[in-house]
Amino acid sequence: MTDQTRRINRVRNDALRFIASQQQGNGSFLSDQGKPTTFYTSLICTAVSDSAMRDKAARFLLSQLSNASSCNYWQRGSDEEASVPYPDDLDDTALALLAIHSFQPELVTETHLARLAQLLIANEEKPGGPYQTWILDARSPEWHDIDVVVNSTIAFLLASLGIQQQTLDKYIEKQCLSESHASKYYDDPIVVLYFISRAYAGHDKNVLVRQIVGRRNSNGHWDTPLRTALAVSSLLRLGVSATEVSEGVQFLLDSSVDGQWPQSPFIIESYAEGFPVHSSCSAHLSACCVEALALYEKTIQYSGHSNTEQTDPHLITAVRQHCSALFSDSSPAIQQQLDNAMNALDMSDVVLLPYRFSSQLLPEENAISLSALGVLGWIGYGICDDIVDGEDAVGLLPLAILCVRKVETIITSFQVDTRLFSNILSGIAGATAWEYEQCRIENANNVLVLPEALPDYGDYAVLAQKSLGHAIPILFACMLAHRGGDAAILQEFFIHYLIARQLNDDAHDWLLDLQNGFLNSVSAHMLRAWKKGRQIDLAKDEQELQELFWQHEIDHCSALIAAHCAFAKSALKKTTVISDVAFLWDLIAPLEHAVKIALAERDRMSVFLAAIEMRY
């Protein structure tokens, strides 16, 4: 355990003790102004992992749900509810249900979901969102309010339940791209971006990243512990590497005193004579810092390496220098593009998987070289994939071509049989061409026309072929160590792992991919049961597609993912080439967990969707 890990654990434990000391007997948390709200309790319950604390908070939140499963900002029966009355609202309702569900999903019953569906229908601006903030039978102008944070929280709840609402997602994306982020309840853009980042799942995450990073000061943090914690959590959720937020994490560690941090205002609780009256909660601030530290640790662990490898920059620097040296004869423009691409890449994730494997078999210089191979392959084929997907990356095509050539240079320098390498590259090219020809359909104003023959993914090997370059450094490490038999076994492992991973991604993204004119492995199989002809009007048919997925496709997809996880584990058990394979086992565990979660949600989603369908 590194010094930083020990310090993170100490600060986190201090913070959890402080948060627990602030929890009331009924499970709630008061604001720093001593006001009893459901709001901070919901946020704290979602941010921390302490089971006893979350159990009490979840029980409190359940007690606050009305007969319609709605929630109020104020604790029911409190003096504040009487003196400053607010209607129930969808923000606090979604936050409470999200908190309860994140702790113990079965506590959010089918009845709760059916009532939630009716609340959404009754308060939607148009079918599928966005939604009004306040839950009212009759709406006067002063209560007419559509807020990006409120709708982001609703979208985050629905996504946690496995439900996509296309219209709501488009509203959030529009707000994301507009960069305006106006909210009636939050006047700090970092707070607004935090809530948006939890909900946004589109292709323009870099826009949010740029907006958050652009507000970072010259010291590498965001001025206050609250803003820094929210920014770190947001960036990590958006896929930024742990190294990119390390200075912010260090600031949080340095500014902690016994698990507490200097307070900042969080939400506009009311207005007095036209001026905002802010609310804050010290326990919530500590929870935000705990959340940021936990996400930081999780990002490191998910990359399959230790904290020493993550925080020590020498390995990353060595691999970057190796890549740059290979481009020393290229133009300054190409060298700058390479440098930009490496800056944008999660180098820790790409470097450390091949390094951890090859360093157990080969000299250090060979392990570095194979890690560089992985980086350049990732950049080169990533650019090509972006171009095929229609993204604006044509200007990077020369870099992509050179990256692939440099990969070939590294491979041939080892003087081993290159047939395996050639076969993998041919498979990548073939899979990419097949996908482009068979799986692309035009989306004209939200209307899709399906091909006469839907793409047949067969045994799903094509899913692995396109990504098998991920395994090349590891397979060649085996060959350099004269363990060709283990290379074949590990290739089998990666094929099944990559199929399972892509199926899992496709199960989450099938609707978003359809909106972008792409038939992924899940939607292609699912639509064979589509009985309404070849045309799909996404605005009208989304509900029926959701039902088709949750009532039929989820079982088929989950079974496939579980089967390929089992095949991958079986293959891994056969290899003896290295002693430490824990980081390869760790690749499978999240996929198996995802299957369990999806099946647990299946029946409850059917109830929710049936209630939504009553709108029509």
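In what follows, the structure referred to is the one given above.
Since we're looking at a predicted model, the values are computed, not measured.

K.L.:
A description of the overall build of the protein should follow, citing residues and the corresponding values.
P.N.:
Along the protein, the regular secondary structure elements total 26 helices and seven strands. By its C-alpha atoms, the protein is 80 × 60 × 45 Å across when sized along the principal axes. By the burial criterion, 55% of the 616 residues in the protein qualify as buried. Pairs at least 24 residues apart make up 72% of the contacts formed inside the protein by residues separated by at least 6 positions. If you sum the accessible surface of the protein, you get close to 25500 Å²; carbon and sulfur atoms cover 51% of it. For the protein, the distance from the average site of its 45 positive side-chain charges to the average site of its 75 negative ones is 3 Å.

K.L.:
Give a detailed account of the side chain of Ser-280, specifying residues and quantitative values.
P.N.:
Note on placement: Ser-280 falls in the loop between strand 4 (275–279) and helix 13 (282–302). Look past the residues within four positions of Ser-280 in its chain and what remains in contact with it is Ser-31, Asp-32, Gln-33, Tyr-40, Gln-263, Ser-264 and Pro-265.

K.L.:
Help me get a handle on the packing of helix 16 (residues 332–344) against helix 18 (residues 364–388), residues and values and all.
P.N.:
Packing of helix 16 against helix 18 brings their axes to within 11 Å, and their N-to-C directions diverge by 100°. In terms of axis orientation, helix 16 runs roughly perpendicular to helix 18. Across from Leu-338, Ala-341 and Met-342 in helix 16, the residues of helix 18 making contact are Val-375, Leu-376 and Ile-379. Residues that form the contact of helix 16 with helix 18 fall into these classes: six nonpolar, no polar and no charged.

K.L.:
Go over helix 25 (residues 538–574), please, and point to the residues and values.
P.N.:
Here helix 25 contains 37 residues, and its C-alpha end-to-end distance of 46 Å is more than 12% below the 54 Å for a straight helix at 1.5 Å per residue. Of all the bends in helix 25, the greatest measures close to 55° and is centred on Glu-553.

K.L.:
I'd love a proper account of the pairing of strand 3 (residues 267–272), names of residues and values included.
P.N.:
Sheet topology places strand 3 next to strand 4; five bridges connect them, and they run antiparallel. Pairing of Ile-267 across the sheet is with Ser-279, part of strand 4. Counting the residues that bridge the hairpin from strand 3 to strand 4 gives two residues, and of these Glu-273 lies at a positive phi of roughly 55°.

K.L.:
Please set out the packing of helix 1 (residues 3–22) against helix 12 (residues 246–254) residue by residue, giving values where relevant.
P.N.:
In the contact formed by helix 1 and helix 12, the axes pass within 10 Å of each other and the chain directions differ by 55°. Compared by their axis directions, helix 1 and helix 12 come out oblique. Judged by the sense of rotation from one axis to the other, the crossing of helix 1 with helix 12 is left-handed. Here Gln-4, Arg-7, Ile-8 and Val-11 of helix 1 lie close against helix 12, whose contacting residues are Gln-250, Leu-253 and Asp-254. Here the contact of helix 1 with helix 12 is composed, by residue class, of three nonpolar, two polar and two charged.

K.L.:
Let's hear about empty space enclosed by the protein: which residues, and what values?
P.N.:
Throughout the structure, instances matching the rule amount to two cavities of 30 Å³ or more. As a volume, the largest cavity reaches approximately 50 Å³. Residue lining of the largest cavity: Leu-43, Thr-46, Ala-47, Tyr-194, Arg-198, His-284, Ala-287, Cys-288 and Glu-291, and that is the complete set. When contributions to the lining of the largest cavity are tallied by element, the ones reaching two or more residues are helix 2 (39–47), helix 9 (189–199) and helix 13. Examining the composition of the lining of the largest cavity, we find that four residues originate from one element, helix 13, more than from any other. Of the residues contributing to the lining of the largest cavity, the split by class is five nonpolar, two polar and two charged. In this structure, the second largest cavity is lined by Leu-90, Thr-93, Ala-94, Leu-116, Leu-120, Ile-154, Leu-157 and Leu-158. Elements represented by at least two residues in the lining of the second largest cavity include exactly helix 5 (90–103), helix 6 (110–122) and helix 7 (148–160).

K.L.:
With reference to specific residues and values, describe the pattern of salt bridges.
P.N.:
Between side chains of opposite charge, a pair can form as their charged atoms come close. Scanning all chains against the criterion turns up 17 salt bridges. For Arg-59, the salt bridge is made with Asp-55, and the minimal N-O distance between the two is 3.4 Å. Here Asp-55 and Arg-59 lie together in helix 3 (residues 51–64), a separation of four residues that amounts to about one turn. The class for Asp-55 is partly exposed, based on a relative accessible area of 27%. Asp-385 serves as the salt-bridge partner of Lys-466, at 2.8 Å between the closest nitrogen and oxygen. Taken together, the residues Lys-466 in the loop between helix 21 (461–465) and helix 22 (472–480) and Asp-385 in helix 18 connect sequence positions 81 residues apart. On the accessibility criterion, Lys-466 (21% relative accessible area) is partly exposed. Three or more residues are tied together by salt bridges with common partners; here these are Asp-385, Glu-435, Arg-440 and Lys-466.

K.L.:
Tell me what's going on with the nonpolar core, and back it up with residues and numbers.
P.N.:
Within the largest apolar cluster, 104 residues are counted, with the highest numbers of intra-cluster contacts made by Phe-357, Val-375, Ile-379, Phe-493, Phe-494 and Leu-584. Contact partners of Phe-357, with chain neighbours within four places excluded, come to Ile-474, Ala-477, Cys-478, Leu-490, Val-577, Ile-578, Phe-583 and Leu-584. Residues Cys-45, Val-150, Ile-190 and Tyr-200 belong to the second largest nonpolar core, which totals 102 residues.

K.L.:
Account for the sheet that holds strand 7 (residues 535–537), with residues named and values stated.
P.N.:
One open sheet accounts for three strands, arranged 5-6-7; its pairing is antiparallel. At either margin of the open sheet sits one strand with a lone partner, and together these are strand 5 (443–444) and strand 7. Two strands pair when backbone bridges link them, and strand 6 (residues 447–449) and strand 7 are joined in this way by three bridges, in the antiparallel orientation. The residue of strand 7 that forms the bridge with Val-447 is Asp-537. Relative to strand 7, helix 25 is tilted by about 95°, and along the sheet it contacts strand 5, strand 6 and strand 7.

The rules behind the values
- Residues numbered from 1 in each chain as written.
- Predicted model: local features only at pLDDT ≥ 70, side-chain atom pairs only at ≥ 80, totals over all residues.
- Heavy atoms only, no water.
- Helix = DSSP H or I, 4+ residues; strand = E, 2+ residues; numbered from the N terminus.
- Buried < 20%, exposed > 50% of the residue type's maximum accessible area, 1.4 Å probe, protein only.
- Contact = heavy atoms within 4.5 Å.
- Areas by Shrake-Rupley, 256 points an atom, 1.4 Å probe, with all protein chains shown as cover.
- Lys, Arg positive; Asp, Glu negative; His and termini not counted.
- Charge placed at Lys NZ, Arg CZ, Asp CG, Glu CD.
- Axes fitted to C-alpha atoms, helices over the stretch in contact; angles between N-to-C directions.
- Parallel < 35°, antiparallel > 145°, perpendicular 65-115°, else oblique.
- Nonpolar A, V, L, I, M, F, W, Y, C, P; charged D, E, K, R; others polar.
- Expected span 1.5 Å × (residues − 1).
- Bend = angle between axes of the 7 residues up to and from the residue.
- Pairing = 2+ DSSP bridges.
- Left-handed = near helix turned anticlockwise from the far one by under 90°.
- 1 Å grid on protein atoms, 1.4 Å probe; cavity = no way out; pocket = protein on both sides within 12 Å on 5 of 7 lines; lining within 4 Å.
- Points joined across faces, edges and corners; volume = space filled by probe spheres on them.
- Salt bridge = Lys/Arg side-chain N within 4 Å of Asp/Glu carboxyl O.
- Core = buried A, V, L, I, M, F, W, Y, C linked by side-chain atoms within 4.5 Å.

None of the figures reported here should be taken as evidence of function without further support.
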